[in-house]
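Inside the fold
This is what each chain is made of:
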Amino acid sequence: MSEPSERTSGWQLFRRVVREQESCWPHFGGILALSVAAAPIALLTPLALKVVLDNYIGGAPLPSGLAWLPGEGEHHALIAAATLILFATFSHQCIAYIRKLLRAWTNESLVLGFRARMFPHVERLSLSYHDEEGPSDSTFRVLFDTAVVPALMLDGLIPFVGSLALLIAMVSVIITTSWQIALVALSIAPLMLLASWPFGRVLRRQWHEIKELDSAALALLQEVFSAVRVVKAFGQEKLETERLIQLAKESMRAKVQVARTQGKFDVIMGTLTALGTLGVFVVGGLQVKNGNLTLGAMAMAAWLLAQVYGPLQLLIGQIASLQSSLASAERAISLLDETPEVIERPDARALDRAQGHVTFRDVSFSYATDRRVLDSVSFDVTPGMRLGIAGRTGAGKTTLMSLLTRLYDPTGGAILLDGVDIRDLLVDDLRQQFSVVLQEPVLFKKSIAENINYALPDATREQTIEAAKLANAHEFIESFPDGYETIVGERGMRVSGGERQRISLARAFLKDAPILVLDEPTSSVDIQTERRILEAMQRLMEGRTTFIIAHRPNTLASCDRVLVLEQGRVVQFEAPGSVSSLEALMSEMAADAPS
Ligand SMILES: Nc1ncnc2c1ncn2[C@@H]1O[C@H](COP(=O)(O)OP(=O)(O)O)[C@@H](O)[C@H]1O
Ligand SMILES: [Mg+2]
């Protein structure tokens, strides 16, 4: 999805961006009106020049259109010219000020709106998307690409139309002064357009490459910083630095290439401009010499011309400089167009609290590849039952639970909760039915209390403490100087594995869901800690349908049934006592663990 699609032309993309920004159309209109209003004002300064040269120095009477201006006698023309300049400057600065404010407001509110839509959208995207793309690229798109999207309108179309208005105003004045000068001056416009044509496409490709590289650098940094222990332990700082420098070098090369492309563009435009100016001086000089043009008129035309080339270059240059924003817009919008794979049906049913009857009916599943991870899995779990799940690493145990909580949808068959296909339920309601405790519990960079309350943000302190007590976590939390207000690191680095696990158990107690999913919750803690966790887990399982993936026989012994998976197939579904070769399997799993 990150490749620039050949099918979306710049124009299509641009129209899409304009549509996305519908809420700010009135603001665009306001900025545009101010830009257009500025055009005639820009004509006043060269007019003042003409007045000074022809009417003050040359002594010609002021044209009737300007005779009303203040001033009298000998110096009337000079005072009139000064008035013109003062008025032009003042009104130009006023307009510029208002436009700047309006532009900033519009820009920021568009960025805000874009991010506010992108972020929940990305959160809703399927796990398959996140598995594949990783966190950094999405971060880059939501944070950085969105920030430049409004530039397409604010630094693109609007100045474009503004420059066009200015251009038209100036050209019409030049034509009325001397059509010969206008002809010479404008003959280079088509040349400019022609010369700029090939640059746009090249620049957009180059910008795209730069963004991919920057996003990759961000991914590298994120990876290294979040695994800094491993990097240090293996002494690979140098290797990682080299990887980063390699990326930075590629990015540098790409940026220099962009500068080169833009530089070439500027040289071509500059040369054409100089040729135009040259032509005008020759034609204008001849006309003044022959008496067909006054000196002031020629000076005004030359002044105007110098300014015509400004908007003209801007008009054409925008085609090139906007390619960066266009590349970003493409990345942002393609993320917005990514559809979540787990889709809620329009007629999805609400579910308050499930009884906890779970049926897998011929469930098959594969990840992106064709290899089947689950193959016709069928079983039935009645409310309140404890199901132990065993099997070697890679057998598909975690996948089975991911399907139950609808992180993915099965590729075949169906999963029923209380007799209803889980795809017919509101996704939020379905997820409310599960408390999930993972092998590697994730803690957010917040206080312990906030981490426990994650499922129930408005829980009272009493509820939090109650949950922590049930999870055998209260004691160690109290022993911290800040108690429940202790901030745990981004991945809970400041608390040990066993403590982290008990905080996540407290979270599960607080959520009080009818179905419990425990995915090898004790596989990465020592026996001592495990005992404390098991004790809490027994309490948590009371009265709930429980799925527990475990690799120690003592954990499975208290289950009503044990399901053994082998390469995605159910090979046994028995009471723990009757599972054949359970001990052997367990010791193999223990050897594999943690998986
Ligand atoms: N997100 C994923 N994308 C692709 N393949 C995956 C993904 N997660 C797991 N797998 C593969 O699916 C198989 C089952 O994985 P998993 O359910 O995690 O096994 P278990 O929990 O039993 O160890 C493994 O072969 C694993 O490599
Ligand atoms: Mg697993």
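Predicted model, so just to flag it, every value in this text is computed and none were measured.

**A closer look at the overall build of the chain**
- The secondary structure content of the chain amounts to 21 helices and 10 strands.
- For the chain, the spread of C-alpha atoms along the principal axes amounts to about 115 × 55 × 50 Å.
- Split into buried and exposed, the 595 residues of the chain put 47% on the buried side.
- The contacts of the chain with a sequence gap of at least 6 include a subset with a gap of at least 24, amounting to 78%.
- Accessible surface, the chain as shown: approximately 29900 Å² in total, 60% of it carbon and sulfur.
- Distance between charge centroids for the chain: 5 Å, based on 56 positive and 65 negative side chains.

**What to know about empty space enclosed by the protein**
- Counted according to the given criterion, the structure contains 2 cavities of 30 Å³ or more.
- Volume-wise, the largest cavity comes out at about 50 Å³.
- Forming the walls of the largest cavity are Glu520, Pro521, Thr522, Ser523, Met537, Ile548, Ile549, Ala550, His551, Arg552 and Thr555.
- Its residues assigned to classes, the lining of the largest cavity shows 5 nonpolar, 4 polar and 2 charged.

**Describing the side chain of Ser447**
- Mapped onto the secondary structure, Ser447 falls in the loop between β6 (434–437) and α15 (448–452).
- At a separation of 3.1 Å, a polar atom in the side chain of Ser447 contacts the main-chain amide nitrogen of Glu450.
- The residues contacting Ser447, other than those within four sequence positions of it, are Tyr484, Glu485, Thr486 and Ile487.

**Focus on the site of ligand 1**
- Taken together, 14 residues are adjacent to ligand 1, and Asp131, Gly394, Lys397, Thr398 and Thr399 come closest.
- Measuring from an oxygen atom of ligand 1, one finds a side-chain N or O atom of Arg371 at 2.9 Å.
- In this structure, an oxygen atom belonging to ligand 1 sits 3.0 Å away from a main-chain N or O atom of Gly396.
- The element that contributes the greatest number of residues to the shell around ligand 1 is helix α13 (residues 397–404), accounting for 3 residues.
- In terms of residue class, the shell around ligand 1 is made up of 4 nonpolar, 6 polar and 4 charged.

**Details of the sheet that holds strand β2 (residues 374–381)**
- In space, the 4 strands of this open sheet follow the order β2-β1-β4-β5, with antiparallel pairing throughout. The strands lining the two open edges of the sheet, one partner per strand, are β2 and β5 (420–421).
- Taken together, the 5 bridges between strand β1 (residues 358–365) and strand β4 (residues 412–417) define a ladder with antiparallel strand orientation. Considered in β4, the bridge of Val358 is made with Leu417.

**Re unusual backbone geometry**
- For Ser376, which is not glycine, the phi torsion reads 45° and is therefore positive.
- Positionally, Ser376 belongs in strand β2.

**Observations regarding the domain arrangement of the chain**
- Structurally, the chain comprises domain 1 (12–336) and domain 2 (440–512).
- Relative placement of domain 1 and domain 2: their C-alpha centres are 53 Å apart.

**What to know about the sheet that holds strand β10 (residues 569–574)**
- Spatial strand order, β6-β7-β8-β3-β9-β10: 6 strands in an open sheet with mixed pairing. The open sheet has two edge strands, β6 and β10, and neither has a second partner. Across this sheet, the average inter-strand angle for adjacent strands is 15°, counted without regard to direction.
- By the bridge criterion, 5 bridges tie strand β9 (residues 561–566) to β10 in an arrangement that is antiparallel. Bridge pairing links Leu563 to Phe573 in β10.

**Overview of the packing of helix α3 (residues 44–57) against helix α4 (residues 76–124)**
- Viewed as axis vectors pointing N to C, α3 and α4 meet at an angle of 175°, and their least axial separation amounts to 9 Å. When the axis of α3 is compared with that of α4, the two are roughly antiparallel. Between α3 and α4, the residues in contact are Leu44, Thr45, Leu47, Ala48, Val51, Val52, Asn55 and Tyr56 and Ala77, Leu78, Ala81, Leu84, Ile85, Phe87 and Ala88, respectively.
- Considering only residue class, the contact of α3 with α4 consists of 13 nonpolar, 2 polar and no charged.

**Quick look at the packing of helix α6 (residues 151–177) against helix α7 (residues 179–186)**
- It is at 5 Å that the axes of α6 and α7 come closest, and there the two elements cross at 135°. Relative to α7, α6 is oriented oblique. Counted together, Val171, Ile174, Ile175 and Thr177 of α6 and Trp179, Ile181, Ala182 and Leu186 of α7 form the full contact between these two elements.
- Taken together, the residues of the contact of α6 with α7 break down into 7 nonpolar, 1 polar and no charged.

**What about the pairing of β9?**
- As paired strands, strand β3 (residues 386–390) and β9 are joined by 4 bridges and run parallel to one another. Residue pairing in the sheet places Leu387 in a bridge with Arg561 of β9.
- Taken together, β9 and the strand that follows it, β10, pair antiparallel across an intervening segment of 2 residues, in which Gln567 is found at a positive phi of about 45°.

**Here's the deal with the packing of aromatic side chains**
- Counting across every chain of the model gives 9 aromatic pairs.
- Relative to Tyr367, the ring of Phe365 has its centre 5.0 Å away and its plane inclined at 80°; by these criteria the two rings are edge-to-face.
- Centroid distance Phe476 to Phe480: 5.9 Å. Interplanar angle 75°. Geometry classified as edge-to-face.
- According to the relative accessible area criterion, Phe476 is buried, its value standing at 10%.
- Under the relative-accessibility criterion, Phe480 is labelled buried at 18%.
- Among the aromatic residues, ring-to-ring pairing joins Phe360, Phe379 and Phe573 into one connected group.
- Positioned above the aromatic ring of Phe444, the side-chain terminus of Lys446 is 5.7 Å from the ring centre.

**Some words on helix α2 (residues 25–42)**
- Compared with the 26 Å implied by 1.5 Å per residue over 18 residues, the 26 Å span of α2 between its first and last C-alpha is a close match.
- Three or more residues of α2 are buried, namely Phe28, Ile31, Leu34, Ser35, Ala38, Ala39 and Ile41.

So, how was this worked out
- Residues numbered from 1 in each chain as written.
- Chains lettered and ligands numbered in written order.
- Predicted model: local features only at pLDDT ≥ 70, side-chain atom pairs only at ≥ 80, totals over all residues.
- Heavy atoms only, no water.
- Helix = DSSP H or I, 4+ residues; strand = E, 2+ residues; numbered from the N terminus.
- Buried < 20%, exposed > 50% of the residue type's maximum accessible area, 1.4 Å probe, protein only.
- Contact = heavy atoms within 4.5 Å.
- Areas by Shrake-Rupley, 256 points an atom, 1.4 Å probe, with all protein chains shown as cover.
- Lys, Arg positive; Asp, Glu negative; His and termini not counted.
- Charge placed at Lys NZ, Arg CZ, Asp CG, Glu CD.
- 1 Å grid on protein atoms, 1.4 Å probe; cavity = no way out; pocket = protein on both sides within 12 Å on 5 of 7 lines; lining within 4 Å.
- Points joined across faces, edges and corners; volume = space filled by probe spheres on them.
- Nonpolar A, V, L, I, M, F, W, Y, C, P; charged D, E, K, R; others polar.
- Polar contact = N/O pair within 3.5 Å; in protein donor to acceptor, adjacent residues only side chain to side chain.
- Near = heavy atom within 4 Å.
- Pairing = 2+ DSSP bridges.
- Domains from an automatic or database assignment.
- Axes fitted to C-alpha atoms, helices over the stretch in contact; angles between N-to-C directions.
- Parallel < 35°, antiparallel > 145°, perpendicular 65-115°, else oblique.
- Phe/Tyr/Trp six-rings, centres within 6.5 Å; stacked < 30°, edge-to-face > 60°.
- Lys NZ or Arg CZ within 6 Å of the ring centre and 35° of its normal.
- Expected span 1.5 Å × (residues − 1).

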